[in-house]
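This is what each chain is made of:
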Amino acid sequence: MEPSQTASSPVAVVGTIVLLLAFVVAAWSAGAGIVGNIRKDRRLVISSVYGLYGFTALAALASALIIYAFVTHDYSIRYVALTSDTSMPLWYKITAFWGGLDGSLLFWVLVLGLFSAIAVRMNYQQHRDMIGYVVATIMVVQLFFMALLVFSKNPFATYLTQVPIDGEGLNPLLQNYWMVIHPPTLYIGYVAATIPFAFAIAALASGRLDDAWIRSVRSWMLVCFFFLSLGLVLGGRWAYEELGWGGYWAWDPVENAGFIPWFTATAFLHSAIIQEQRGMLKGWNLILVIATFFLTIMGTFWTRSGVVQSVHAFGEDNTMALQFVLFMALILVVSLGLVIYRNPRLAAKHRLESYASREFAFLLNNWVLLACAAFVIFATMWPTLTEAYFGERTTVGIPFFNKGMAPLGIALLVLAGVAPLLAWRKTSRSRVFSLFATPVGATIVATLAMAIFVPYARHLTEYTFDLSAAHRRGLSFLPQQWVLGLPLVLLTIAAIVFTTASIFQEFWRGTRARSAKTGQDPFSSLLGLILGKRRKYGGYIVHLGIVVLFVGFIGKNYDTDKNFSINAPDAKPAVDGRAQGEAWFEMKGYRFHYEALREEFDARKKSTTARVSVWRDGKKLETLEPAQWNFFKGGQMTTEVAIHEQMSEDVYLVLTGFKGQLASFKVYINPLVNWVWIGFVLFAFGCFVCMIPQRIVDLATARPVTRTNKVVDAVAVVLTFLGVTLTCLQVGLAQPAAVREHDSQLTNAPAHMEGASDKFRPDAPEVPPAMRPVAADVMKQLVCMCGGCKRENIHDCKCSFAADERKKVLAILATQDVSTPAGRSQAITNVRAAFKREYGSEQVFVTPTSALPWMVPYVAIVVGLGLLFMVGRKWRTPPRSSTPVVAQADAADGDAAAAKRAKDEAMKQRLNDELEDLDG
């Protein structure tokens, strides 16, 4: 681009001054908070609090200035010039604020400032004796990010020489309406973890280790949990619509960075209940809070340091990587040092009395959640570890994550159904039989029915372990390869049925008991039950949302896709979906009519759009318009998919290439994918129920019970649910009006702008039909080794190197017998062996075949489970001291002893009932 004259920027000058002032205020606030709390100097503590408020105001001012620079096209500021341009719509200019590294750090500071101001204002009176430490902890975190902004990543830095007349533009993949809301929600989830961490550190530093701090922390951790969940789901929706690969979750390192703290936050929300109800796990809850915050910083480190390879990462920066490592070390030294120092005061008030108790079910739940987090961390870092210690980077693909996480996910789902049925302290045998009968019976009936009448439910997921190395070293009794088949789909269905039956049984029991007690009708009783015990029954709704999510996950096992290359469209229009012609193609009962291909332009891009009608059973379902957008800035092309959405399955259409009127399409049939989005709506509704303030409940319950008020309550519940649904699902499912209007301002393309892009297809006409499924299968197992395409598999990669690799695969398969299942399996083995010989390592495979990456995390998980049972055994109340007394009593007077035991049992049952009443 042509440069303009050098120019100064008043916005840059003021913005830099504001950042410097904010840095100084943060330093003062942190120091004043620590000294004020140590010396019990109320004036210093108050000054630190007002310093935090002032810092938030300065962060808001700096953010407003950078947004103003984007809106006014101030390209003298480097960050604005690198992430924006004149042609971008207003929403994308605002999105560019957090679209790059520098701005995302400032956005982090802004959100944390707003959250911390709210948290301190709400808890100042309640926690006056430790609020200085709370402020100091928050401001130390702010100091770290401010140091990055001031000294190395200043978003207000200007060009030292000439100023460009236009910017380079935002990454085309980020110019999507989901990206307006996905990154902010995920950042909010990350940032919200700082508030519980600050209260935990303050409780440790001040020695105030009662249960008061955990109530404040639990609310903020719920905020963190909700926004992490929302950010992850919105990111999945963005990937589903924008990337054109037919999926919504690829276990990318940046996706995993947001998922890992989700596990520890979920673990804390469950174990916090044990501390509130039974006075147990104080130290453990502190560690979970610290771990959640640490993992958010580690995730930020992953995305900004280059330690992991990801299409979402900001790039490699060794200096910033060192800064993050030092900060993470400081977090661990200070926080764990305080935990060790205060450990004598973290003793539990009560002991674990039985494995058949809700406490132990929550402990198992914590173990599984931490096992999930550990597995994802290990698998994400495995390529980096193998490169550092063995000199080669081993790829860990989607199948490895899916197979490794599936058993853990099923275990979590089962525990979500088991825990509500167990009593606190100890569950009697009669309670076990009465409450588990219905869920277990429903599970057996449903699982047998699916296994008998639905063949695809019997699908076995294979775990393949290459044991050839051990075999060569003398362990000849081992097979060369061990294949383990597990019916994961059937197990998932069983877990879904069991958990659903368990949760509905709990709602039914609670509603019936409340109706008998109050005389209300069932609906009013249900509403009062949910409002009276929002945390308990809101949590059950969250669990139901997760159950529905798992229904969607099952469908992922049965995705199918197929490529088509279609000639020029028919001149005759489609009438009934049964016409024959070159522009017709079909897949799994759907018929597609390729009607037209048009090219259009706007100020940012060239758009090539195909019009394809979808038919089934002679009826037209919808007209889809998949497209490719070629952005002028950077020359990057993005895929705009078209989706026909149904409850049973999605028809997902991608325009993969075109030349003139010749077009290539890829069709995916994705079963049950919409249950994922519906499940999250239910999940979000449960979170909202948990977060309803008591004041709103008091206002709702203070009115007299009349028929009119009952109708109003019913309408309010329905409208609230619909509002949450529209907010979480529909807002953004259609493009915002401003974006639609902008994209509709397209003009006819001039003839000289014809473009073409195409890719090799394994099911091309020259490939024999019997070879096509085998070729597609083995190509998805091999990584493109060109080094420039983020290590996609050669089936999906569009580069010329991948095309040559596919030709090698086809050449090998041409010499193989693929007419039988054994022949196809041997052919795949031969192709893999040939590629391993060529590249000399397993890094050419998408999923490691060695047993080591499978064994390490699962051995650790099993050892952890053993330790959990050992610790549980140690915590259990020892019965030895009472045994002689009971024996003597039985010998002296058996009836009196029996009466005493009956009285004790009745007392325990009353205590369990009281704990159930408090569990809201």
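Attention in this report is confined to the structure presented alongside it. (Residues numbered from 1 in each chain as written. Predicted model: local features only at pLDDT ≥ 70, side-chain atom pairs only at ≥ 80, totals over all residues. Heavy atoms only, no water.)

### Some details on the environment of Ser 104
- Checked against the element boundaries, Ser 104 lands in helix α5 (residues 101–123).
- Among the residues examined, Ser 104 registers a relative accessible area of 1% and is labelled buried. (Helix = DSSP H or I, 4+ residues; strand = E, 2+ residues; numbered from the N terminus. Buried < 20%, exposed > 50% of the residue type's maximum accessible area, 1.4 Å probe, protein only.)

### Overview of a nonpolar patch on the surface
- Residues Val 440, Ile 444, Leu 448, Ile 452 and Phe 453 make up a contiguous nonpolar surface patch of roughly 530 Å² in combined accessible area.
- Mapped onto the secondary structure, Ile 452 falls in helix α15 (residues 429–453).
- Ile 452 sits in the exposed class, given a relative accessible area of 57%. (Patch = residues over 30% accessible without salt bridge, like charges linked within 9 Å, V, L, I, M, F, W, Y side chains within 5 Å. Areas by Shrake-Rupley, 256 points an atom, 1.4 Å probe, with all protein chains shown as cover. Salt bridge = Lys/Arg side-chain N within 4 Å of Asp/Glu carboxyl O.)

### As for the pattern of salt bridges
- For the structure shown, the criterion picks out 15 salt bridges.
- For Asp 41, the salt bridge identified is with Arg 43, shortest N-O distance 4.0 Å.
- Look at the salt bridges and you will find they share partners, linking Arg 237, Glu 241 and Glu 645 into a network.

### Structural notes on the environment of Arg 611
- Along the polypeptide, Arg 611 turns up in strand β8 (residues 605–616).
- Put simply, Arg 611 and Leu 624 are 13 residues apart on the chain and 5.9 Å apart in space, counted from C-alpha to C-alpha.
- Filtering out sequence-adjacent residues up to four positions away, Arg 611 remains in contact with His 593, Tyr 594, Glu 595, Ala 596, Thr 623, Leu 624 and Glu 625. (Contact = heavy atoms within 4.5 Å.)

### Some remarks on the packing of aromatic side chains
- Using the criterion set out here, one finds 50 aromatic pairs in the structure.
- On the basis of an interplanar angle of 90° and a centroid distance of 5.8 Å, the ring pair of Phe 23 and Phe 151 is categorised as edge-to-face. One end of the pair, Phe 23, is in helix α1 (residues 10–39); the other, Phe 151, is in helix α6 (residues 131–151), with 128 residues separating them in the sequence.
- By relative accessible area, Phe 23 is classed as partly exposed at 23%. (Phe/Tyr/Trp six-rings, centres within 6.5 Å; stacked < 30°, edge-to-face > 60°.)

### What about unusual backbone geometry?
- In this structure, Lys 40 is a non-glycine residue whose phi angle is positive, near 55°.
- Here Lys 40 is to be found in the loop between α1 and α2 (42–71).
- When its relative accessible area of 68% is taken as the criterion, Lys 40 is described as exposed.
- In this structure, Lys 588 takes a positive phi of about 50° despite not being glycine.
- With respect to the helices, strands and loops of the structure, Lys 588 is situated in the loop between β6 (584–587) and β7 (590–601).
- Given a relative accessible area of 48%, Lys 588 falls into the partly exposed group.

### Remarks on the side chain of Asp 650
- With respect to the secondary-structure elements, Asp 650 resides in strand β13 (residues 649–659).
- Here Asp 650 occupies a buried position and makes no salt bridge, while the nearest side chain of opposite charge, Arg 237, is found at 5.6 Å.
- At 2.7 Å, the side chain of Asp 650 and the side chain of Asn 674 are in polar contact.
- With sequence-adjacent residues up to four places away left out, Asp 650 is seen in contact with Tyr 240, Ile 643, His 644, Glu 645, Tyr 668, Ile 669, Asn 670, Val 673 and Asn 674. (Lys, Arg positive; Asp, Glu negative; His and termini not counted. Polar contact = N/O pair within 3.5 Å; in protein donor to acceptor, adjacent residues only side chain to side chain.)

### A look at the packing of α5 against helix α7 (residues 177–192)
- Running from amino to carboxyl end, α5 crosses α7 at an angle of 55°, the nearest separation of the two axes being 9 Å. One finds that α5 runs oblique with respect to α7. Considering only the axes of α5 and α7, their crossing is right-handed. Contacts between α5 and α7 involve Ser 104, Phe 107, Trp 108, Val 111, Leu 112 and Phe 115 from the first element and Pro 184, Tyr 187, Ile 188, Tyr 190, Val 191 and Ala 192 from the second. (Axes fitted to C-alpha atoms, helices over the stretch in contact; angles between N-to-C directions. Parallel < 35°, antiparallel > 145°, perpendicular 65-115°, else oblique. Left-handed = near helix turned anticlockwise from the far one by under 90°.)

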